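Chain residues, written in single-letter form:
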Amino acid sequence: MEPVSQLLSPHGFPKPFRRILVAVDPSGASLNAIPYAAHFCSPDTQALVLGFFEDPEAYLTPHSRTPADVSAAFDELRRDELVALEGAQAVLQRTGAQVHKRLLGPALGNREISAGIARVADEWNADLVVVGAEPAAGIAALLGTRVSAELAEHTHRAILMIPKKATESSLHHARRILFAVDGSEASLHAVRVGMQVAPPHSSLLAIYVEDRGVDVSELEESLLSSAPNVPRAANALKQASAIMTELGAKANIESRVSHTRLTEDVATALLREAQEWDADLVVVGAQDRHGLRSWFNGHENERVARAIDRPLLVVNQAG
């Protein structure tokens with residue numbers, strides 16, 4: 001898909017997404033996601049706030065699962081979610097966007113939640129799906145980790161994850177954007193999409209993370225190694241920088257090679273680099289090779305996803 005032309009607000013911020021779906025939950029995981037999504041809205045935007053709630057059957061104890069108890073819990077959860085949806089709708093309407101709301105539910109587990117979001121995103125033809133994340137148990141945690149993973153597999157829509165614990169400085173419109181690249185078409189496509197949200201005079205960093213994980217028998221050789229795979233890294237960064245230069249409006253563009261430390265995987269190293277560079281937004285491809293997709297796959301990287309403290313844009317190659 002060719003990148004759409006940037007639409008600029010009166011303040012010079014791009015508004016590239018015309019149809020934005022925002023997943024809303026009443027527990028607070030979407031607390032930061034809703035106002036952050038407003039950065040991308042304008043009078044030309046169609047937004048859909050999509051709500052769902054946890055099925056009472058999922059947490060009621062056996063002796064509490066009487067029809068009356070289940071019905072009362074269902075009604076209370078539904079009311080709470082409708083209130084959350086109305087609040088989200090009001091926030092986004094202040095941007096002039098046309099905002100619709102829809103309630104799905106009740107939902108049982110992350111697969112059902114993600115399947116529902118993905119189905120609506122495809123039916124409604126969303127350009128961007130925005131979800132909140134909270135490092136807690138239950139539906140809030142699922143929104144930020146497993147649900148995002150399932151969405152990355154089940155829909156080609158771009159997914160924007162906003163942590164509830166995001167640093168305050170990262171919740172303004174992104175001006176410092178870090179792009180994780182590895183030379184694959186997936187990561188380069190993510191650069192193209194991510195560049196659509198970069199305002200003029202922003203700071204952009206393309207980073208190639210070399211995975212230097214080794215067996216114990218190879219430890220000495222690894223420590224003595226002078227550099228990562230420079231030709232592949234240099235080529236990946238050259239391609240990414242060319243895209244950034246072509247699409248960037250007077251941006252300050254940097255690129256560099258990083259590598260994993262002894263106790264890190266690619267996802268952990270990427271998070272460290274984002275923190276050290278003080279990125280406002282991290283952009284990754286959902287189907288990258290050499291480990292970037294593992295950001296959402298596997299027990300260890302799921303914990304890393306919960307630890308991220310700034311917005312994360314995941315772009316599926318098919319998008």
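This is a predicted model, so every value here is computed, not measured.

(A) How the structure looks around the overall build of the chain. Each helix and strand in the chain was counted, giving 10 helices and 10 strands. Once local pairs closer than 6 in sequence are excluded, the contacts in the chain between residues at least 24 apart make up 80%. When the accessible area of the chain is evaluated, it comes to approximately 14,100 Å², of which 51% is carbon and sulfur surface.

(B) A look at the side chain of arginine 272. Structurally, the position occupied by arginine 272 is in helix 9 (residues 266-277). Here the side chain of arginine 272 touches histidine 259 through a polar contact of 3.3 Å, landing on its backbone oxygen. Apart from the residues lying within four places of it in its own chain, the contact partners of arginine 272 are Ser258, His259, Arg261 and Glu264.

(C) Seen up close, the sheet that holds strand 3 (residues 98-103). On the basis of which strands lie adjacent, the open sheet formed by 10 strands has the order 3-2-1-4-5-10-9-6-7-8 and mixed pairing. Of all strands in the sheet, those with a lone pairing partner are strand 3 and strand 8 (252-259), marking the two edges. The sheet shows a mean angle of 20° between the axes of neighbouring strands, taken without regard to direction. Relative to strand 2 (residues 46-51), strand 1 (residues 19-24) runs parallel, the two sharing six bridges. In the sheet register, arginine 19 faces strand 2, and the bridge partner there is glutamine 46. In the packing of helix 2 (residues 67-93) onto the sheet, contacts are made with strand 1, strand 2 and strand 3, and the angle to strand 3 comes to roughly 170°. Along the sheet face, helix 9 touches strand 6 (176-180), strand 7 (203-210), strand 8 and strand 9 (281-285) and points at about 150° away from the line of strand 7.

(D) Broad picture of helix 2. Across its 27 residues, helix 2 extends 38 Å between first and last C-alpha, which sits within 8% of the 39 Å expected from 1.5 Å per residue. By the burial criterion, the buried members of helix 2 are Val70, Ala73, Leu77, Glu81, Ala84, Leu85, Ala88, Gln89 and Leu92. Buried-residue contacts for helix 2 involve strand 1, helix 1 (33-38), strand 2 and strand 3.

(E) The arrangement of the nonpolar core in detail. Ranked by internal contacts, the top residues of the largest apolar core, which has 48 residues, are Val22, Leu92, Val130, Leu160, Ile177, Phe179 and Leu281. Apart from residues lying up to four places away in sequence, leucine 92 is in contact with Val22, Ile34, Ala37, Ala38, Cys41, Ala47, Val49, Ala97 and Val99.

(F) Expanded view of the pattern of salt bridges. Applying the stated criterion to the full structure yields six salt bridges. Linking glutamate 123 and arginine 119 is a salt bridge whose minimum nitrogen-to-oxygen distance equals 4.0 Å. Linking glutamate 123 with arginine 119, this pair stays in helix 3 (residues 109-124), spanning four residues, or about one helical turn. Relative accessible area serves as the criterion here: at 43%, arginine 119 is assigned to the partly exposed category. Residue arginine 232 is joined to glutamate 210 by a salt bridge in which the shortest nitrogen-to-oxygen separation is 3.9 Å. Of this pair, arginine 232 sits in helix 8 (residues 230-247) while glutamate 210 sits in strand 7, placing them 22 residues apart in sequence. A relative accessible area of 11% places glutamate 210 in the buried class.

(G) Looking closely at unusual backbone geometry. In the Ramachandran plot, asparagine 125 falls in the positive-phi region, its phi being about 60° despite a non-glycine side chain. Structurally, asparagine 125 is set in the loop between helix 3 and strand 4 (128-133). When its relative accessible area of 43% is taken as the criterion, asparagine 125 is described as partly exposed. The phi angle at histidine 201 is positive, at roughly 65°, despite the residue not being glycine. Accessibility expressed as a relative area gives 56% for histidine 201, which makes it exposed.

(H) A look at the packing of aromatic side chains. Evaluated as defined, the whole model comprises two aromatic pairs. For the ring pair phenylalanine 17 and phenylalanine 40, a centre distance of 6.0 Å and an interplane angle of 70° mean the geometry is edge-to-face. Taken as a pair, phenylalanine 17 in the segment before strand 1 and phenylalanine 40 in the loop between helix 1 and strand 2 lie far apart in primary sequence, 23 residues in all. Residue phenylalanine 17 is classed as buried on the basis of its relative accessible area of 6%. We classify phenylalanine 40 as buried; its relative accessible area is 4%. Looking at arginine 19, its charged tip hangs above the ring of tryptophan 124, at a distance of 4.1 Å from the centre. A cation over a ring is seen here: arginine 176 above tryptophan 277, with NZ or CZ 4.1 Å from the ring centre.

Rules and cut-offs
- All residue numbers refer to position in the chain's written sequence, counted from 1.
- Reporting in this predicted model follows two pLDDT cut-offs: at least 70 for local features of residues, and 80 or more for side-chain atom pairs to be given and counted; totals over whole chains, interfaces and linings ignore these cut-offs and use all residues.
- The basis for every side-chain value is the complete set of non-hydrogen atoms in the structure, without hydrogens or water.
- Going along the chain from the N terminus, every DSSP run of H or I of four or more residues is numbered as a helix, and every run of E of two or more is numbered as a strand.
- Contacts are assigned to residue pairs that have any heavy atoms within 4.5 Å of one another.
- Residue exposure ignores everything except the shown protein chains as possible cover, and the areas themselves are Shrake-Rupley values with a 1.4 Å probe.
- A 3.5 Å cut-off defines polar contacts: any pair of N or O atoms within that distance qualifies, except that in protein one atom must be a possible hydrogen donor and the other a possible acceptor, and neighbouring residues in sequence count only when both atoms are side-chain atoms.
- Pairing between two strands is assigned when DSSP locates at least 2 bridges connecting them.
- For every element, the axis is a line fit to its C-alpha atoms; helices are fit only across the contacting stretch, and the angle between N-to-C directions ranges from 0 to 180 degrees.
- Every helix has an expected span of 1.5 Å times one less than the residues it contains.
- Exposure is judged per residue with a 1.4 Å probe applied to protein chains only, and the accessible area is read against the type maximum: over 50% gives exposed, under 20% gives buried, and values in between give partly exposed.
- In this text, buried Ala, Val, Leu, Ile, Met, Phe, Trp, Tyr and Cys residues form a nonpolar core when linked through side-chain atoms within 4.5 Å.
- We count a salt bridge whenever a side-chain nitrogen from Lys or Arg sits within 4 Å of a carboxyl oxygen from Asp or Glu.
- Each Phe, Tyr or Trp ring, with Trp reduced to its six-membered ring, pairs with another whose centre is within 6.5 Å; inter-plane angles below 30 degrees give stacked pairs, above 60 give edge-to-face pairs, and intermediate values give tilted ones.
- Put simply, a charge is over a ring when the Lys NZ or the Arg CZ is close to the ring centre, within 6 Å, and near the line of the ring normal, within 35 degrees.

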